[in-house]
Amino acid sequence: MSDSLNAPETPGPPRPAPGVSIRHSRAKGEPRFPDGPKADPAGSHFERRIRSFQPRRSRVTAGQADALQRLWPKWGLDIDGRRDIDLAELFGNDNPVVLEIGFGMGEATAQMAAADPCTNILAVDVHTPGQGNLLGIADRDGLPNVRVGNGDAIILLREMLTPDSLDGLRVYFPDPWPKKRHHKRRLIQPEFLGLAATRLRPGAIVHCATDWEPYAEQMLEVLTAHPDFENTRSDGGFAPRPDFRPLTRFEGQGLEKGHVVNDLLFRRVQHREQQRR
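Residues numbered from 1 in each chain as written. Predicted model: local features only at pLDDT ≥ 70, side-chain atom pairs only at ≥ 80, totals over all residues. Heavy atoms only, no water.

Draft legend 1. Spatial organisation of unusual backbone geometry. Phi angles above zero are rare outside glycine, and Phe173 is one such case at about 55°. With respect to the element layout, Phe173 can be found in the loop between β5 (166-172) and α7 (190-199). Residue classification places Phe173 among the buried residues on the basis of a relative accessible area of 18%. Positive phi values are uncommon outside glycine, yet Trp177 reaches one of about 40°. With respect to the helices, strands and loops of the structure, Trp177 is situated in the loop between β5 and α7. (Helix = DSSP H or I, 4+ residues; strand = E, 2+ residues; numbered from the N terminus. Buried < 20%, exposed > 50% of the residue type's maximum accessible area, 1.4 Å probe, protein only.)

Draft legend 2. View of helix α4 (residues 107-115). By the burial criterion, the buried members of α4 are Ala108, Thr109, Ala110, Met112 and Ala113. In this structure, the buried residues of α4 make contact with β2 (97-101), β3 (120-125), α5 (128-141), β4 (146-150) and β5. (Contact = heavy atoms within 4.5 Å.)

Draft legend 3. Structural detail: the environment of Ile85. Its place among the elements puts Ile85 in the loop between β1 (76-78) and α3 (87-91). A relative accessible area of 7% means that Ile85 is categorised as buried. Not counting chain neighbours up to four residues away, the residues in contact with Ile85 comprise Leu77, Leu90, Leu156, Met160 and Leu161.

Draft legend 4. Spotlight on the environment of Arg241. In this structure, Arg241 sits in the loop between β7 (229-231) and α9 (249-256). You can call Arg241 partly exposed: its relative accessible area is 39%. Between the C-alpha atoms of Arg241 and Val261, which are 20 residues apart in sequence, the distance is 8.5 Å. Setting aside residues no more than four positions away along its own chain, Arg241 makes contact with Pro246, Leu247, Glu251 and Asp263. There is a polar contact of 2.5 Å between the side chain of Arg241 and the backbone oxygen of Arg245. (Polar contact = N/O pair within 3.5 Å; in protein donor to acceptor, adjacent residues only side chain to side chain.)

Draft legend 5. Examining the packing of helix α2 (residues 62-75) against α5 more closely. In contact at an axis separation of 8 Å, α2 and α5 are set at 75° when each is read in the N-to-C sense. The angle between the axes of α2 and α5 places the two elements in the roughly perpendicular class. Here Gln64, Ala67, Leu68, Arg70, Leu71, Trp72 and Trp75 of α2 come into contact with α5, specifically with Thr128, Pro129, Gln131, Gly132, Asn133, Leu135, Gly136, Ala138 and Asp139. A class-by-class count of the residues in the contact of α2 with α5 yields 8 nonpolar, 6 polar and 2 charged. (Axes fitted to C-alpha atoms, helices over the stretch in contact; angles between N-to-C directions. Parallel < 35°, antiparallel > 145°, perpendicular 65-115°, else oblique. Nonpolar A, V, L, I, M, F, W, Y, C, P; charged D, E, K, R; others polar.)

Draft legend 6. Broad picture of the sheet that holds β3. Pairing is mixed in the open sheet, where 8 strands are placed in the order β1-β4-β3-β2-β5-β6-β8-β7. Every other strand in the sheet has two partners, leaving β1 and β7 as the edge strands with one partner each. Strand-to-strand twist of the sheet, defined as the mean angle between neighbouring strand axes without regard to direction, takes the value 25°. As defined by bridge partners, β5 adjoins strand β6 (residues 200-210) across 6 bridges and the pair is classed as parallel. Paired with Val171 across the strands is Cys208, a residue of β6. Relative to the sheet, α4 contacts β2, β3, β4 and β5, its axis offset from that of β3 by approximately 170°. (Pairing = 2+ DSSP bridges.)

Draft legend 7. Representation of the packing of α4 against α5 in the model. In the contact formed by α4 and α5, the axes pass within 9 Å of each other and the chain directions differ by 30°. Comparing the axis directions of α4 and α5 gives the class roughly parallel. Here the hand of the crossing between α4 and α5 comes out right-handed. Packed against α4, whose contacting residues are Glu107, Thr109 and Ala110, the element α5 presents Asn133, Leu134 and Ile137 at the interface. Each residue belonging to the contact of α4 with α5 can be placed in one class, and the counts come to 3 nonpolar, 2 polar and 1 charged. (Left-handed = near helix turned anticlockwise from the far one by under 90°.)

Draft legend 8. Expanded view of the pairing of β2. The buried fraction of β2 is high, at 5 of 5 residues. Burial along β2 is two-sided: the face carrying Val97, Leu99 and Ile101 and the face carrying Val98 and Glu100 are both buried. In this sheet, β3 lies alongside β2 in parallel orientation, the contact comprising 5 bridges. Each bridged residue has a counterpart across the sheet, and for Val98 the counterpart in β3 is Ile121. As a crossover connection, the stretch from β2 through α4 into β3 is right-handed. The pairing of β2 with β5 spans 3 bridges and is classified as parallel. Bridge pairing in β5 links Glu100 to Arg170. (Right-handed = clockwise from strand over helix to strand, strands pointing away.)

What follows is the structure in structure tokens.
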């Protein structure tokens, strides 16, 4: 055996304690996480439009950074809009796939994945700490049915998913954009629903939830008017929170403040050309 194999290891820099935020200087242009999500995966390849999300800058803990570095190549997806995604290949099976847009820190997503291991969840967000947190939970709890998407969900739907490839869509507590001049930024709009309908199989469920009552009313109005969806409620109103949607910390805080949370459950109807047959 060579002497080099017996030589003592040179101590590296100390690793931050779990939960400690990390900050380090980077050269200009150096990626924040070389093996992790890209800062702007779609770049300037697509037209700039009014975006329904607001990227948030916040510190990434050591544990989240470690999860991003280790697990992104395995379970992460940069939404670059340059290819079609084979969802069976992405998840390694043919199980139904539900798209979740905006998952925060990912605790509720992980709970739903654990409770329903035969359903795959493609969870999309632009919040880097949340991406790392969800990857870490999925790794810790052994949740192979979770994949994390980074980027604009509109580009994902329009450019990367094929028709009838999704079995469900979840949008929980999206930014309500409360100021009237910002209402055009709200995600649940007729144009978005029209796009989503092309990717949802007939019978797929669109499940929205919000604690902003004016936005809930708009969601109900827009979904009810859309020809590709029907309310699962016979009375045409809001649905009680289903058991499969966990009560999140954010939601609990809102309820303590007296907020009213509304759920909407709409079904993708048969394609119109199929209905005529």
